[in-house]
Amino acid sequence: MFIRDLYEAVNAIAPCSQPKFIAFLDTTAHSLMAKYGAKRVVNDGAYIKPININDDIPLKDEFRNAIVSNVLYLVTGNPDHKTDYVAEAEYAYKTVWRRSAKKLKIVGEDYYHV
């Protein structure tokens, strides 16, 4: 996921400086990882704090709308964006979880990855 695309989506609605945006993006990423676990939020590899707006962030694309909504909430303080963030993050998590659950196979009383 490209940080510049996220920045442009946020900046189209509420102007925000790049350093402030990167700080809010990092806060949002940590919030998502704390709630849903890094395995479900981060693509293969580990999360690294973004430094530049031209960097790529290793978060799953399903969380894009949730990230934009939370950064908008942090920039504007509008509670509607926070409500959107919670709903979109939950939907993204369920989408990622569902995709990984399809790879499980029930054998006896245990689950195994296929």
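Structure shown above.
Reading the values: rules and limits
- Residues numbered from 1 in each chain as written.
- Predicted model: local features only at pLDDT ≥ 70, side-chain atom pairs only at ≥ 80, totals over all residues.
- Heavy atoms only, no water.
- Salt bridge = Lys/Arg side-chain N within 4 Å of Asp/Glu carboxyl O.
- Helix = DSSP H or I, 4+ residues; strand = E, 2+ residues; numbered from the N terminus.
- Contact = heavy atoms within 4.5 Å.
- Expected span 1.5 Å × (residues − 1).
- Buried < 20%, exposed > 50% of the residue type's maximum accessible area, 1.4 Å probe, protein only.
- Phe/Tyr/Trp six-rings, centres within 6.5 Å; stacked < 30°, edge-to-face > 60°.

Visitor: How should I be thinking about the pattern of salt bridges in this particular structure?
Guide: When charged atoms on two side chains of opposite charge get close, those side chains can pair. Counting across every chain of the model gives one salt bridge. Note that glutamate 62 and arginine 99 form a salt bridge whose closest N and O atoms lie 2.5 Å from each other. In this pair, glutamate 62 sits in the loop between α3 (38-41) and α4 (64-76) while arginine 99 sits in helix α5 (residues 79-101), placing the two residues 37 residues apart along the sequence.

Visitor: What should I look at first to understand the side chain of threonine 28 in this one?
Guide: Note that threonine 28 resides in helix α2 (residues 18-36). In this structure, threonine 28 is in contact with Ile67, Asn70, Val71, Leu74 and Tyr85, ignoring residues within four places of it in sequence.

Visitor: Teacher, can you tell me more about α4 here?
Guide: An α-helical segment advances 3.6 residues per turn. Residues three or four places apart therefore align on the same side. For α4, spanning 13 residues, the distance from its first C-alpha to its last is 18 Å, which sits close to the expected 18 Å at 1.5 Å a residue. Those residues of α4 lying buried are Ala66, Ile67, Val68, Ser69, Asn70, Val71 and Leu72. Once α4 finishes, glycine 77 follows within two positions and takes phi at roughly 80 degrees, a positive value.

Visitor: Got a minute to help me understand the environment of arginine 40 in this structure?
Guide: Summarising the element assignment, arginine 40 is placed in helix α3. Measuring from C-alpha to C-alpha, the distance between arginine 40 and lysine 60 comes to 8.0 Å, with 20 residues separating the pair along the chain. Excluding anything up to four places from it in sequence, arginine 40 contacts Lys60, Phe63, Tyr93, Val96, Trp97 and Ser100.

Visitor: What is the right way to read the packing of aromatic side chains from this model?
Guide: The geometry of an aromatic ring pair is captured by the separation of the ring centres together with the interplanar angle, meaning the angle of the planes. Scanning all chains against the criterion turns up three aromatic pairs. Relative to phenylalanine 21, the ring of tyrosine 7 lies with its centre 5.2 Å away and its plane at 70 degrees, an arrangement referred to as edge-to-face. Taken together, the positions of tyrosine 7 in helix α1 (residues 3-13) and phenylalanine 21 in helix α2 put the pair 14 residues apart, joining distant regions of the chain. Here tyrosine 7 falls in the buried class, since its relative accessible area comes to 10%. Between tyrosine 36 and tyrosine 93 the ring centres are 4.8 Å apart and the planes differ by 20 degrees, which places this aromatic pair in the stacked class. Placement of the pair is tyrosine 36 in helix α2 and tyrosine 93 in helix α5, with a sequence separation of 57 residues. Through successive ring pairs, a cluster of aromatic residues spans Tyr36, Phe63 and Tyr93.

Visitor: Help me out: how do you make sense of the environment of lysine 35 in this one?
Guide: Tracing the sequence through the fold places lysine 35 in helix α2. By relative accessible area, lysine 35 is classed as exposed at 52%.

Visitor: Where do I start with α2 in this structure?
Guide: A rise of 1.5 Å per residue sets the reference length of α2, with its 19 residues, at 27 Å; its end C-alpha atoms lie 27 Å apart and thus fit the reference within 8%. Of the positions making up α2, those classed as buried are Phe21, Ile22, Phe24, Leu25, Asp26, Thr28, Ala29, Leu32, Met33 and Tyr36. Contacts made by the buried residues of α2 are with α1, α3, α4 and α5.

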